[in-house]
Amino acid sequence: MASKRDREAGDGVEDEGLDNESKRQRLDEDSSPSPPPVSIANPLSGLANNYADIDEEEDYGRMDRGSVNERRNDGSQYNGHRYGEADNSDEEDDSREQLFSGRNNRQVEVRKDCPYLDTVNRQVLDFDFERFCSVSLSNLNVYACLVCGKYYQGRGKKSHAYTHSLEAGHHVYINLRTEKVYCLPDGYEINDPSLDDIRHVLNPRFTAKEVEQLDKNKQWSRALDGSSYLPGMVGLNNIKETDFVNVTIQSLMRVTPLRNFFLIPENYQHCKSPLVHRFGELTRKIWHARNFKGQVSPHEFLQAVMKASKKRFRIGAQSDPVEFMSWLLNMLHADLKTSKKNTSIIFECFQGELEVVKEIPNKVIADKKENNEDQNNAEKLLDGVNERYAFVKETSKMPFLMLGLDLPPPPLFKDVMEKNIIPQVPLFNILKKFDGETVTEVVRPHIARMQYRVTRLPKYMILHMRRFTKNNFFVEKNPTLVNFPVKNLELKDYIPLPTPKENEKLRSKYDLIANVVHDGKPGEGFYRVFVQRKSEELWYEMQDLHVSETLPHLVALSEAYMQIYEQQQ
């Protein structure tokens, strides 16, 4: 027999059920035949638990599950209204349609007019920094306040953005991922074309046609503060001793196929690497013609570099742009290459091939044999009669992304006028290293004599002059000036080149497009870069935020450290 308490509880449940039913019927009678108005306040309270945002943030699968569970739990209650049993099937159909516009239990009203749009302050908007909430430091679901420029998380009733809207009276927010604009605390979405310029700055876009026209554009753009800037020729912020990154990026921005590849994100959608996507974002910001300011801060890219290089390159520590260029190109290639082909836009632009002839003294070979090292892949050509003094030659093919040139040592003594003569050397003299005859002696990993010959020329050739030498005590810098042509560097006059195939023409003429220079003492000084603007063939000197026009002959008078040459087509 059921106890008295159980019976009472049962009666209570029935009464509650009756109460619910009568409430529902009353609601039904009160409601007009027209569909119920969209509730704005209710939804906010319904989903106010922490920062969970509403619609577009979550993937559709999770939304689907959530909506099914809510249907199970709430019976036929939607948005706080009771529609009546007969309408249930229609509502389920509607909810399926709504899955793609947002959660069915949270309809967001879209308005074309908002009384707060005149409070939007474009001067304070800066989307170059990491997208983290300024209170919780979370990167999920972040909104930018379009009045003060700060980032806040979520837009539910307990979220930081909602709190900020009440405390500061700032009402217009943009979702940094979906680019939708909302008015808080009211919670409706604003659909106004006057906000498109902000969306373009948040995420610059280029069409294929615009990309083609970039090198023909001679038009200057105007920033919000009235200053003029050239798209593609904008200064980069030096966050702290990051000029080595800035000169590398500015140089790579002159490599047309590389730039065009990164301007259209669809080209690297398959890639999961944050470094690739950050580099693409930075490229689009540098070449965007509708920026709010005439400079770009590579902050997010530097964070990705620090993470990918395991802090080998970091903010606040000066590094070598040649090392950074080499690391960056190899990382971008590794991230971009697909499993089928071992090629990428990096290799298409910069990869050439060398034939290396290595002469090893015979004593080393004897030692190697004692160590049982593998000698199968080497070609052995013993020359000389006495084996003790003979050299063994090994010939191999080696791909390269950049070529290192050795500078002649500077004079040790001062001249009669008590001043050090600054020695000069023509570029062609130091290019003789790659003529296949000049012998370069190396000590590491073991003593050997090397001969190099270029067997395939790249479209873009990166040269670097070895200015810095490390000994046990300090780093020395070689001040030798290299005399080089700015246009029409003809390689075939100085180094032997491979004979082209029947249908192809030998392309051995190169034009300089970027020249990185080091000023000051080794380990201390700073880097700047000279770059060419193709639309008018003018030269610009760039040092962090400073961009100024310069003369071509001044480019050739600098202490060149790294150069990029473009093959004439």
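If you're wondering where the values come from, they're calculated on a predicted model, not measured in any experiment.

Okay, helix H10 (residues 274-286) next. The end-to-end C-alpha distance of H10 is 18 Å, a good match for the 18 Å that 13 residues give at a rise of 1.5 Å each. Counting buried positions along H10 gives 10 out of 13 residues, so the element sits mostly inside the fold. Tucked inside the fold, the buried residues of H10 contact strand S11 (235-236), helix H8 (243-252), helix H9 (256-263), strand S12 (295-296), helix H11 (299-308) and helix H12 (321-336). Sitting at the head of H10, Ser273 places a side-chain oxygen 3.2 Å from the backbone nitrogen of Leu275.

Counting 63 residues, the largest nonpolar core has Leu258, Phe262, Ile286, Phe301, Phe324, Leu328 and Phe350 as its most contacted members. With eight residues, H12 is the largest single contributor of residues to this core. Contact partners of Phe262, with chain neighbours within four places excluded, come to Tyr268, Val276, Phe279, Gly280, Thr283, Arg284, Leu332 and Leu336.

Tracing the chain through its elements places Asn362 in helix H14 (residues 362-370). A C-alpha to C-alpha distance of 9.9 Å links Asn362 and Lys393, two positions 31 residues apart in sequence.

What the six strands build is an open sheet, ordered S3-S8-S7-S6-S4-S5; its pairing is mixed. Of all strands in the sheet, those with a lone pairing partner are strand S3 (110-111) and strand S5 (151-153), marking the two edges. When S3 meets strand S8 (residues 188-190), the two strands line up parallel, connected through two bridges. The residue of S8 that forms the bridge with Val110 is Glu189.

Rules used throughout
Residues numbered from 1 in each chain as written. Predicted model: local features only at pLDDT ≥ 70, side-chain atom pairs only at ≥ 80, totals over all residues. Heavy atoms only, no water. Helix = DSSP H or I, 4+ residues; strand = E, 2+ residues; numbered from the N terminus. Expected span 1.5 Å × (residues − 1). Buried < 20%, exposed > 50% of the residue type's maximum accessible area, 1.4 Å probe, protein only. Contact = heavy atoms within 4.5 Å. Polar contact = N/O pair within 3.5 Å; in protein donor to acceptor, adjacent residues only side chain to side chain. Core = buried A, V, L, I, M, F, W, Y, C linked by side-chain atoms within 4.5 Å. Pairing = 2+ DSSP bridges.

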